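Listed here are the chains, written in short residue letters.
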Amino acid sequence: MSATGVARSQRSEYLTTTLCMRQSPGMLDSSLKTKIMNEVDRRFDDQTKVLADLVRIPSTRFQEAPAQDMMARLFKEDGLGIDRWQIKIDDLKHLPGYSPHSLDYDDAWNVVGAWRPSNPKGRSLILNGHIDVVPEGPHEMWTRHPYDAYVKDGWMYGRGSGDMKAGLILNVFALRALRALGYMPAADVDQQSVVEEECTGNGALACLQRGYRADAALIPEPSGCTLTVAQVGVMWFQVKVTGHPVHVYKADAGSNAIESAYRIIQQLRELEKKWNVLKAHDKHYCDHHHPVNFNVGKIAGGDWASSVPSWCTFDMRVGVLPTQTLKECRQEVEDVIRQAAANDPFLGNNLPTVSWEGFQAEPYVLKNHEHVRDILADAHKTVFGAELDDRRTTGTTDARFFGLYAGLPALVYGPQSDDVHGFDERVNLESIRKITQSTALFIAEWCGLQKA
């Protein structure tokens, strides 16, 4: 047979093994589902080792490059096209969803591993995850070193193990299971490893700016094996308070900036209560006991124990309900701070300054998702033997970029993890195994399969 004939024969085989993109959930036969799940099981020890290797690479903000090197190597091993680029603020700052950031981006790199079938037939998919992790805090308050990546009683411990390196690696191994069985997705699939999820989301925004689009996105954040259908908005701001310094022997003649900051924080706590009352009008959070959280995450002030402090700066994170807008909420915050200052003899003439830097993340509610949710729910039920539960979270994820600014359904569905952002962060290995299985089934059904 000629080369042309071989190509036509292969194309014919491809067309007969490609799954039609318009079919309803349940298109995979039960024997293939079983083979896919068994292949995930067969490779799970290797998956756990690879996850441990990634967790052992510290990747706090501005230190992500070595971990991104590892992700690029994994994508290359799988024969994917590698796109690695440095994020440029000037490319992003005019886009909706951008969060302001004053620090430089000289070492901010995204990595995408792209699968491109020669004749795509199914629905395309983005598999997104973030490589950045939050600071560890005092190491002596961990049971073991934060990056030991050790396993105990079915859990892997370590900073970033759950949030969300387990998700990045399970995306890799879901596709590897399909490949090992002789299949690949019949549509474009982009595996994205992004930075800045924990402070701005500008890494995911950079993927949109670079042109990455698909028919859906799947983000395996640690959601406890549920589907996140709503997430609050998140805003960061910093307040700078001035004072009048004097020697403490006449402290009443000065103005204590630290104590003034405390009074402002107390008034912001009253605003937190007010916003939580609004939950009664929000169908997604009306039954949640406390959906809006204000947090003083950083505070510093003063220069000398025997001097009334002349300055204090605090950073706060606030949550925003889907029924609110960021613009309105920013105005309310500034009004509260201004009113609190007006009641102080010194601050009334020396108003605190408010700067908005970091997260300016809009709330996101998953809409028009019934079909894609049905496919994920079918995969979940096959693996877990139970219905897929919905979840409303009081945090934010990168799902908002895909849902709000690219118009595609963004599914947040991942393993069980405890103490993320805390000491002894851990992720449940059995939940990783099962989410990897359901992710592989979802890819097969959503994208369709072709012979590798």
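So, here's what we can say about the structure. Owing to the predicted nature of the structure, the values given are computational and were not obtained by experimental measurement.

## Description of the overall build of the protein
A tally of helices and strands in the protein yields 12 helices and 20 strands. Seen through its C-alpha atoms, the protein measures out along the principal axes to roughly 100 × 45 × 40 Å. Split into buried and exposed, the 452 residues of the protein put 55% on the buried side. Partitioning the intrachain contacts of the protein with sequence separation of at least 6 by distance along the chain shows that 83% fall at a separation of at least 24. Accessible surface computed for the protein: about 19400 Å², of which carbon and sulfur atoms make up 49%. Taking the average location of the 49 positive side-chain charges in the protein and that of its 58 negative ones, the two points are 5 Å from each other.

## A word on the packing of helix H2 (residues 30-42) against helix H6 (residues 161-180)
It is the contact of H2 with H6, at a shortest axis distance of 9 Å, that shows an interaxial angle of 115°. The two elements H2 and H6 meet at a crossing, and its hand is right-handed. Only Ala177, Leu178 and Ala180 of H6 make contact with H2, whose side of the interface consists of Ile36, Glu39, Val40 and Arg42. In terms of residue class, the contact of H2 with H6 is built from five nonpolar, no polar and two charged.

## Examining the packing of helix H10 (residues 370-384) against helix H12 (residues 429-447)
Where H10 meets H12, the axes come as close as 8 Å, and the angle between the chain directions of the two elements is 135°. What the angle tells us is that H10 and H12 run oblique. The way H10 lies across H12 gives a crossing that is right-handed. Contact with H10, carried on its side by His371, Val372, Ile375, Leu376, Asp378, Ala379, His380, Thr382, Val383 and Phe384, involves Lys434, Ile435, Gln437, Ser438, Leu441, Phe442, Glu445 and Trp446 of H12 and no other residues of that element. Here the contact of H10 with H12 is built from residues that sort into 10 nonpolar, five polar and three charged.

## Quick look at the pattern of salt bridges
For the coordinates displayed, the defined rule picks out 27 salt bridges. For Glu196, the salt bridge identified is with Arg61, shortest N-O distance 2.5 Å. Taken as a pair, Glu196 in the loop between strand E7 (189-194) and helix H7 (202-209) and Arg61 in the loop between helix H3 (44-55) and helix H4 (65-77) lie far apart in primary sequence, 135 residues in all. Residue classification places Arg61 among the buried positions, given a relative accessible area of 15%. Glu77 is the salt-bridge partner of Arg176, the closest N and O atoms lying 3.0 Å from each other. Highlighted residues: Arg176 in helix H6 and Glu77 in helix H4, separated in sequence by 99 residues. Using a relative accessible area of 56% as the deciding quantity, one classes Glu77 as exposed. It is possible to trace a salt-bridge network through shared partners that takes in Glu77, Asp78, Arg176 and Arg179.

## A closer look at the nonpolar core
Counting 95 residues, the largest nonpolar core has Met71, Leu125 and Phe442 as the members making the most contacts within it. Per-element tally for this core: the top contributor is H6, with 11 residues. Not counting the four nearest positions on each side in its chain, Leu125 is found in contact with Asp188, Val189, Asp190, Ala214, Ala216, Ala217, Leu218, Phe442, Ile443, Trp446 and Cys447. In this structure, Val234, Phe237, Cys329 and Ala341 belong to the second largest nonpolar core, which totals 35 residues.

## Remarks on the pairing of strand E3 (residues 125-130)
Most of E3 is tucked away, with six of its six residues classed as buried. Judged by which residues are buried, E3 turns out to be covered on both faces: Leu125, Leu127 and Gly129 on one side and Ile126, Asn128 and His130 on the other are all buried. With six bridges joining them, E3 and E7 adopt parallel strand pairing. Within E7, the residue paired with Leu125 across the bridge is Val189. When E3 meets strand E8 (residues 217-219), the two strands line up parallel, connected through two bridges. Along E8, the bridge assignment pairs Leu127 with Leu218.

## Points about the packing of aromatic side chains
Tallying each qualifying case throughout the model produces eight aromatic pairs. Note on Tyr150 and Tyr157: the rings are 5.0 Å apart at their centroids and 5° apart in plane angle, and the pair reads as stacked. Both residues of the pair, Tyr150 and Tyr157, belong to the buried class. Between Trp275 and Phe294, the aromatic rings sit 5.2 Å apart at their centres with planes inclined by 70°, giving edge-to-face as the arrangement. Here Trp275, found in helix H8 (residues 257-277), pairs with Phe294, found in strand E11 (residues 294-301); they are 19 residues apart in sequence, far enough to count as distant. A cation sits over an aromatic face here: Arg123 above Trp446, 4.3 Å from the ring centre.

Quick notes on the rules
Residues numbered from 1 in each chain as written. Predicted model: local features only at pLDDT ≥ 70, side-chain atom pairs only at ≥ 80, totals over all residues. Heavy atoms only, no water. Helix = DSSP H or I, 4+ residues; strand = E, 2+ residues; numbered from the N terminus. Buried < 20%, exposed > 50% of the residue type's maximum accessible area, 1.4 Å probe, protein only. Contact = heavy atoms within 4.5 Å. Areas by Shrake-Rupley, 256 points an atom, 1.4 Å probe, with all protein chains shown as cover. Lys, Arg positive; Asp, Glu negative; His and termini not counted. Charge placed at Lys NZ, Arg CZ, Asp CG, Glu CD. Axes fitted to C-alpha atoms, helices over the stretch in contact; angles between N-to-C directions. Left-handed = near helix turned anticlockwise from the far one by under 90°. Nonpolar A, V, L, I, M, F, W, Y, C, P; charged D, E, K, R; others polar. Parallel < 35°, antiparallel > 145°, perpendicular 65-115°, else oblique. Salt bridge = Lys/Arg side-chain N within 4 Å of Asp/Glu carboxyl O. Core = buried A, V, L, I, M, F, W, Y, C linked by side-chain atoms within 4.5 Å. Pairing = 2+ DSSP bridges. Phe/Tyr/Trp six-rings, centres within 6.5 Å; stacked < 30°, edge-to-face > 60°. Lys NZ or Arg CZ within 6 Å of the ring centre and 35° of its normal.

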